[in-house]
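Chain by chain, the residues run as shown.
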Amino acid sequence: MKVFETGLKDCFLLEATIFKDNRGYFFESYNKNKFKELTGLDIDFIQDNQASSSKNVVRGLHIQRPPHMQSKLVRAISGVIWDVAVDVRKNSPTYGKWFGAELSETNNRQLFVPQGFLHGYSVLSEHAVVAYKCDDFYNKSAEDNAYLFDKNLAIDWKVSELEAIISEKDIADSPFNIFKAI
């Protein structure tokens, strides 16, 4: 496994070592000891989630507030997504900055999104299945969001706002300038 810096503190892009032969391939999608060795972070993932979406679906920007904040390790099991993390830690030098990466079934990359970050993704392929690990359980009362296409964030979702398929909940999200930092 290789780990790449994203420019946002504690947010990493991971790339699996893939073993291929005439039968197909094998890779280790997560190993707690290797993750800790390569990132310096000791994370205990306790919940796995999976979502299926069609082209132009954009999900996010989601976060859980204290005391139920979540770190996430996100990957595309099938298809291609553009995965985005936004630093919303009020004392962070990269507050309000975002990082995006293409995650796909062929590149087998994963994005580690630490606590204190908004998270979202857009689907670039006809269909995608996304899986992610969390280090805390989902808690509806701790849920918060910021509007995906907020001009202050200027995130390039690789899908236009007019083409984007967004849930009613995500359309009603708060603009970033009134979002309360973590």
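Residues numbered from 1 in each chain as written. Predicted model: local features only at pLDDT ≥ 70, side-chain atom pairs only at ≥ 80, totals over all residues. Heavy atoms only, no water.

(A) View of the nonpolar core. Within the largest apolar cluster, 22 residues are counted, with the highest numbers of intra-cluster contacts made by Leu61, Val86, Val88, Leu118 and Trp157. With residues near it in sequence (within four places) discarded, tryptophan 157 still touches Val58, Leu61, Trp82, Val84, Gly120, Tyr121, Ser122, Leu124, Leu148 and Phe149. Grouped together as the second largest cluster of nonpolar side chains are 19 residues, Ala51, Ala76, Ile81 and Val123 included. (Core = buried A, V, L, I, M, F, W, Y, C linked by side-chain atoms within 4.5 Å. Buried < 20%, exposed > 50% of the residue type's maximum accessible area, 1.4 Å probe, protein only. Contact = heavy atoms within 4.5 Å.)

(B) Looking closely at the side chain of aspartate 170. Structurally, aspartate 170 can be placed in helix 2 (residues 168–171). Buried within the structure, aspartate 170 lacks any salt-bridge partner; its nearest side chain of opposite charge belongs to lysine 169, at an N-O separation of 4.8 Å. Among the polar contacts listed, one links the side chain of aspartate 170 to the backbone nitrogen of glycine 60, at a separation of 3.2 Å. (Helix = DSSP H or I, 4+ residues; strand = E, 2+ residues; numbered from the N terminus. Lys, Arg positive; Asp, Glu negative; His and termini not counted. Salt bridge = Lys/Arg side-chain N within 4 Å of Asp/Glu carboxyl O. Polar contact = N/O pair within 3.5 Å; in protein donor to acceptor, adjacent residues only side chain to side chain.)

(C) Focus on the side chain of aspartate 173. Position of aspartate 173 among the secondary structure elements: in the segment after helix 2. For the buried aspartate 173, no salt bridge is present, and the opposite-charge side chain at shortest range is lysine 169, 6.6 Å distant. Setting aside residues no more than four positions away along its own chain, aspartate 173 makes contact with Gly60, Leu61, Asn145, Ala146 and Tyr147.

(D) Up close: unusual backbone geometry. That bond from glycine 60 to leucine 61 is cis: its omega, -15°, falls within 30 degrees of zero. Structurally, leucine 61 can be placed in strand 6 (residues 58–64). Phi is positive for asparagine 56, which is not a glycine, with a value near 75°. The buried category is assigned to asparagine 56, whose relative accessible area is 17%. The phi torsion at asparagine 108 lies on the positive side, around 50°, for a residue other than glycine. Checked against the element boundaries, asparagine 108 lands in the loop between strand 9 (98–104) and strand 10 (109–113). A relative accessible area of 9% means that asparagine 108 is categorised as buried.

(E) Focus on the packing of aromatic side chains. Summed over all chains, the structure comprises 8 aromatic pairs. Members of the aromatic cluster, connected to one another through ring pairs, are Tyr30, Phe35, Phe45 and Phe112. Directly above the ring of phenylalanine 179 sits arginine 65, whose terminal nitrogen or CZ lies 4.9 Å from the centroid. Just above the ring of tryptophan 82 sits the side chain of lysine 158; from NZ or CZ to the centre is 4.5 Å. (Phe/Tyr/Trp six-rings, centres within 6.5 Å; stacked < 30°, edge-to-face > 60°. Lys NZ or Arg CZ within 6 Å of the ring centre and 35° of its normal.)

(F) View of the sheet that holds strand 2 (residues 12–15). Spatially, the 6 strands line up as an open sheet ordered 1-2-10-7-12-5, and their pairing is antiparallel. Strand pairing shows two members of the sheet lacking a second neighbour, strand 1 (2–5) and strand 5 (47–54), which therefore form its edges. Across the sheet, the axes of successive neighbouring strands diverge by a mean angle of 25°, strand direction being ignored. (Pairing = 2+ DSSP bridges. Axes fitted to C-alpha atoms, helices over the stretch in contact; angles between N-to-C directions.)

(G) Region of the structure containing the environment of proline 67. Along the polypeptide, proline 67 turns up in the loop between strand 6 and strand 7 (72–78). The class of proline 67 is exposed, set by a relative accessible area of 69%. In the structure, proline 67 is positioned 69 residues away from aspartate 136 in sequence and 9.5 Å away in space, judged by C-alpha atoms.

Function-wise, these values are silent; they only describe arrangement.
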